[in-house]
Amino acid sequence: MLLLLACLAFMRPASAVDTTAPLPNSALQQRYYLLTHELRCMQCQNEALADSPVSLAADLRLQVRELLLAGKTDDEIRDHMVARYGEFILFRPRMVWRNAWLWGAPAVLMGIGLIVGWRVLRARARLVDNDEADELTGEPLDS
C-alpha cells in the first residue's frame, strides 16, 4: 500500500499532445485524425504527428488542419507534405518505381534464403549418405 501511495505521489497528470481546436464537423475531424496518424513527425521520426509533442509536429498538425479547412482532399494533403518533406513523411511509402526495391526486397530475400537452405540441406544429406556408406564398407573415414 505504501508503494502504491509513493507511485501516485510521483505521477504526472496526463495531458493531450494535440491541442489544436476541433474541426467544424465530425467528418473533417475524422479525416484530420487519420491524416495526423499516417504522417511522420520529421523531428521524432518514429512518431506520428498526432503523438509527437515537439513544436514542428504542432506546426504540421496546424498545416493539415488549414489544408482540410481549405477543402483539399487527403491525397492533395499527402502530396503537399511529400513535396515539402519527401516520401519519408509517410509511414507507408507509396509504390513508385523509385522505391520499388522496398516492396520487392522481402520476396527476393526470402527466395535467396529458401535456395540457400535447400542447398545446405542437400549437402548435409550427401554427407550423411557418405558416412553411412563408409560405415558399411568398413573403410576408415577421411580426415
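Residues numbered from 1 in each chain as written. Predicted model: local features only at pLDDT ≥ 70, side-chain atom pairs only at ≥ 80, totals over all residues. Heavy atoms only, no water.

Okay, the pattern of salt bridges next. Taken as a whole and judged by the stated rule, the model has 4 salt bridges. Between Arg-31 and Asp-74 there is a salt bridge, with the nearest N and O atoms lying 2.7 Å from each other. Residue Arg-31 is found in helix α2 (residues 26-38), and its partner Asp-74 is found in helix α4 (residues 74-85); the two are separated by 43 residues along the sequence. Residue class for Asp-74 comes out partly exposed when judged on its relative accessible area of 23%. (Salt bridge = Lys/Arg side-chain N within 4 Å of Asp/Glu carboxyl O. Helix = DSSP H or I, 4+ residues; strand = E, 2+ residues; numbered from the N terminus. Buried < 20%, exposed > 50% of the residue type's maximum accessible area, 1.4 Å probe, protein only.)

Orientation of α2 relative to helix α3 (residues 55-69), taken along the N-to-C sense of each, is 140 degrees, at an axis distance of 10 Å. Judged by the inter-axis angle, α2 sits oblique to α3. For α2 against α3, the interelement crossing comes out right-handed. Residues Leu-28, Arg-31, Tyr-32, Leu-35 and Thr-36 of α2 lie in contact with α3, whose contacting residues are Arg-61, Val-64, Arg-65, Leu-68 and Leu-69. Per-class residue counts for the contact of α2 with α3 are 6 nonpolar, 1 polar and 3 charged. (Axes fitted to C-alpha atoms, helices over the stretch in contact; angles between N-to-C directions. Parallel < 35°, antiparallel > 145°, perpendicular 65-115°, else oblique. Left-handed = near helix turned anticlockwise from the far one by under 90°. Contact = heavy atoms within 4.5 Å. Nonpolar A, V, L, I, M, F, W, Y, C, P; charged D, E, K, R; others polar.)

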